[in-house]
Amino acid sequence: MSEKNREAKRSARERLTEERERQKARDKRRRALIVGAAVVGVLGLAAVVGLLAANSGDDKSDTSGPVDVPAGAAGEDRLTIPLGKDSAKATLTIWEDFRCPACKQFEDTYRSTINDLAEKGRLKVEYHLATLIDGNMGGSGSLRAANAAACAQDAGKFPAYHDVLFKNQPPETEDAYGDNGKLIELAGRVDGLVADPFKKCVEDGKHDSWVAKSNKAFQDAKLQGTPTVLLDGKSVFGDERNPLTPQKLRKMVEDAHRS
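Rules and cut-offs
- Residues numbered from 1 in each chain as written.
- Predicted model: local features only at pLDDT ≥ 70, side-chain atom pairs only at ≥ 80, totals over all residues.
- Heavy atoms only, no water.
- Helix = DSSP H or I, 4+ residues; strand = E, 2+ residues; numbered from the N terminus.
- Buried < 20%, exposed > 50% of the residue type's maximum accessible area, 1.4 Å probe, protein only.
- Lys, Arg positive; Asp, Glu negative; His and termini not counted.
- Salt bridge = Lys/Arg side-chain N within 4 Å of Asp/Glu carboxyl O.
- Contact = heavy atoms within 4.5 Å.
- Phe/Tyr/Trp six-rings, centres within 6.5 Å; stacked < 30°, edge-to-face > 60°.
- 1 Å grid on protein atoms, 1.4 Å probe; cavity = no way out; pocket = protein on both sides within 12 Å on 5 of 7 lines; lining within 4 Å.
- Points joined across faces, edges and corners; volume = space filled by probe spheres on them.
- Nonpolar A, V, L, I, M, F, W, Y, C, P; charged D, E, K, R; others polar.
- pLDDT = per-residue confidence, 0-100.
- Axes fitted to C-alpha atoms, helices over the stretch in contact; angles between N-to-C directions.
- Parallel < 35°, antiparallel > 145°, perpendicular 65-115°, else oblique.
- Left-handed = near helix turned anticlockwise from the far one by under 90°.

Chemist: So, the side chain of Glu107: which residues are in play, and what are the values?
Modeler: In this fold, Glu107 is placed in helix H2 (residues 101-119). Here Glu107 occupies a buried position and makes no salt bridge, while the nearest side chain of opposite charge, Arg111, is found at 4.2 Å. If we ignore the near neighbours within four places in the chain, the residues touching Glu107 are Glu96, Tyr127, His162, Asp163 and Phe166.

In structure tokens, the structure reads:
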């Protein structure tokens, strides 16, 4: 056999070995990620939405014992963190998870519109917090971030901190928000938030049971995933045939205001 043929066969064997190793790596990653599933849709202005399937009840977060409700929480069982004026004629209900990539996409697209409408008294927003990604991917970042956000609500800083958490969201597979130190560090980007009461609230997990109760309400409602977005009780997000845009949302809210 010529040297050229031997070299060609050796190269083919090496390529086959390399491909087998790559396939093993892909299989390993697939097995690691099979705990959750993503359903791809359309986000607003042709961006991509991943609606994460709701956990079917295997979240073992503790909902027993006393529930320490954040200051100003409202609604049924006081599980809602409100934004805007009660006099607003339109109400936007948002279920979110701070580790959820689709929630970040939603916030990045609609944040300025929602905040503007709320500031003008046109829209009341009801935030509900879920811990879906902890259940699907493992870790505690959803819970820890939600508790920290509830601590920010105690300090009257929830809207700003909520936005900081989504703007700085780590990759879904990284549980960076499971580190209270990271959450306190990010709080430094909100004027006046980092103080001893806030830090103690975060470190102690003061609102953990409240967050767990909120997540159970999400599961009991059998919602399809996060984000779930309702305008006056009607789902307005995630329909590929009629995708929501900031302009459509603004028009619907302004129409309600004029009615």
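More follows now that the structure is in view.
Chemist: I'd like to hear about the side chain of His128, residue by residue, with values.
Modeler: Looking at the secondary structure, you find His128 in strand E5 (residues 123-129). Non-local contacts of His128, meaning those with residues more than four positions away in its chain, are made with Leu79, Thr80, Thr93, Ile94, Trp95, Glu96 and Ser214.

Chemist: How would you explain the packing of aromatic side chains if you had to name every residue and give the values?
Modeler: Applying the stated rule across the entire model yields seven aromatic pairs. Ring geometry for Trp95 versus Phe218: centroids 5.5 Å apart, planes at 50 degrees, classification tilted. On the criterion of sequence distance, the pair formed by Trp95 in strand E4 (residues 90-96) and Phe218 in helix H8 (residues 208-220) is long-range, its members being 123 residues apart. Relative accessible area serves as the criterion here: at 0%, Phe218 is assigned to the buried category.

Chemist: Can you explain the layout of surface pockets? Please cite residues and give values.
Modeler: Here the largest pocket defines a volume of roughly 220 Å³. Lining the largest pocket are Glu76, Asp77, Leu79, Thr80, Trp95, His128, Lys213, Lys216, Ala217, Asp220 and Ala221. In terms of residues, the lining of the largest pocket owes the most to one element, H8, which gives four residues. For the lining of the largest pocket, the per-class residue count stands at four nonpolar, two polar and five charged.

Chemist: Please provide a residue-by-residue account of the confidence of the model for the chain, values included.
Modeler: Per-residue pLDDT for the chain averages 84, and the proportion of residues at 70 or more is 75%. Taken as a whole, residues 29-60 scores under 50 in pLDDT and shows 69 contacts with residues more than four places along the chain or in a different chain.

Chemist: I'd like a rundown of the packing of helix H4 (residues 141-154) against helix H7 (residues 196-204), residues and numbers included.
Modeler: To characterise two packed helices, one gives the angle between the axes of the helices and the distance between these axes. Two elements in contact, H4 and H7, have axes separated by 9 Å at closest approach and are oriented at 150 degrees. By the criterion of interaxial angle, the relationship of H4 to H7 is roughly antiparallel. Where H4 crosses over H7, the two elements pack in a sense that is right-handed. On H7, the residues touching Arg144, Asn147, Ala148, Cys151, Ala152 and Asp154 of H4 are Phe198, Cys201 and Val202. When grouped by side-chain class, the residues that make up the contact of H4 with H7 number six nonpolar, one polar and two charged.

Chemist: So, the environment of Lys182: which residues are in play, and what are the values?
Modeler: Along the chain, Lys182 turns up in helix H6 (residues 180-187). Overall, Lys182 belongs to the partly exposed group, its relative accessible area being 28%. For the pair Lys182 and Ala145, spaced 37 residues apart in the sequence, the C-alpha separation amounts to 9.6 Å. Not counting residues within four places of it along the chain, the set of residues in contact with Lys182 comprises Ala176 and Tyr177.

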